[in-house]
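Now for the letters of each chain:
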Amino acid sequence: MSVRALAGIAALVGEYDALFVDQYGVLHDGATPYPGVRRTLARLREAGQRVLLLSNSGRPGPYNAERLARLGFDPGLYETIVTSGDTALALARSGDIPVQAGMRCLLIDSGGQDTHFCDALGLVVDATPARADLVVIAGSQGGMRTEEQYRAMLAPLARRGVRAVCTNPDRRMLVPGGTAFGAGRIAELYAEEGGSVTWIGKPHRAIYAHAARLCGVPPERVLCVGDSVEHDIAGALGFGARSALVRTGILADATPQQLEAAFARHAARPDYILPALAW
């Protein structure tokens, strides 16, 4: 399948009923909006294009909306935010993720102690691994801790058969000056030690299905826009949606040969390539 290179997203306005747009690496780098992105979102909305932000954040949509507002993204620039944290909570409430109120939860996050998932379900956050009935992997301190430190902490829980829920499958994350291993890599370490992991977020289907139900749009009428072949492009393909890869974020410096290698490695090729989320 050939990939259509576009100068901007304007050429696709009206071609799809909804755009599912990634956050980190597409809208901003974690600290600063990419040039022109806010104006592009505004023009999409002015053109009547539905825009949902689809994020592998373990935190809920309202938290992400507040963070985006601090970066200058007005809520009127998009319809809603759907996160993997929101999706995990919906699945837990429906019984698809087996949890019970009162279970002791070891929470692994980016250091902010985001307890929303646990609080909403009546779980008890407990920092002592030996007492954990459940592990929630929502974030990573990959810039400060090593993989082996996480492995040493989690291996005994895996041997004990404690279930883990990963609400952020990103293996790499943007940090000041580059990238570091993310929550997805920590979940991989847990699986390598024999632990059972329930994965929520891109590229896994549940987050796409949750977003599609919220907006009432079938997969074939959705365009997913992201910076990761592994998560955004492969996830769109698995869901039955179309996809556009932007050359910001984690693939900003990738050569054409490296891109082709990534397409082959993940058996996923985008329908479109954009230099950025530009108009």
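Here, the structure is the one placed above.
None of these values were measured; they are calculated from a predicted model. (Residues numbered from 1 in each chain as written. Predicted model: local features only at pLDDT ≥ 70, side-chain atom pairs only at ≥ 80, totals over all residues. Heavy atoms only, no water.)

**Student:** Quick question: what am I supposed to make of the side chain of S243 here?
**Tutor:** In this structure, S243 sits in strand β13 (residues 242–246). Exposure remark for S243: the relative accessible area of 3% places this residue in the buried category. (Helix = DSSP H or I, 4+ residues; strand = E, 2+ residues; numbered from the N terminus. Buried < 20%, exposed > 50% of the residue type's maximum accessible area, 1.4 Å probe, protein only.)

**Student:** Hey, could you run me through unusual backbone geometry in this one?
**Tutor:** Most peptide bonds adopt trans geometry, and most residues besides glycine take a negative phi value. P203 follows K202 through a cis peptide bond whose omega is 15°. With a phi angle near 50°, A267 is a residue other than glycine that sits in the positive phi range. Tracing the chain through its elements places A267 in the loop between α9 (256–266) and β14 (272–274). A267 gets classed as exposed once you look at its relative accessible area, which sits at 60%.

**Student:** How should the environment of R160 be read in this particular structure?
**Tutor:** Summarising the element assignment, R160 is placed in the loop between α5 (147–159) and β8 (163–166). Exposure remark for R160: the relative accessible area of 44% places this residue in the partly exposed category. Measuring from C-alpha to C-alpha, the distance between R160 and T83 comes to 30 Å, with 77 residues separating the pair along the chain. Contacts of R160, omitting those with residues within four sequence positions, involve P129, A130, R131 and A132. Looking at R160, its side chain comes within polar contact range of the main-chain oxygen of P129, at 3.3 Å. (Contact = heavy atoms within 4.5 Å. Polar contact = N/O pair within 3.5 Å; in protein donor to acceptor, adjacent residues only side chain to side chain.)

Bear in mind that shape data such as this cannot, by itself, settle questions of function.
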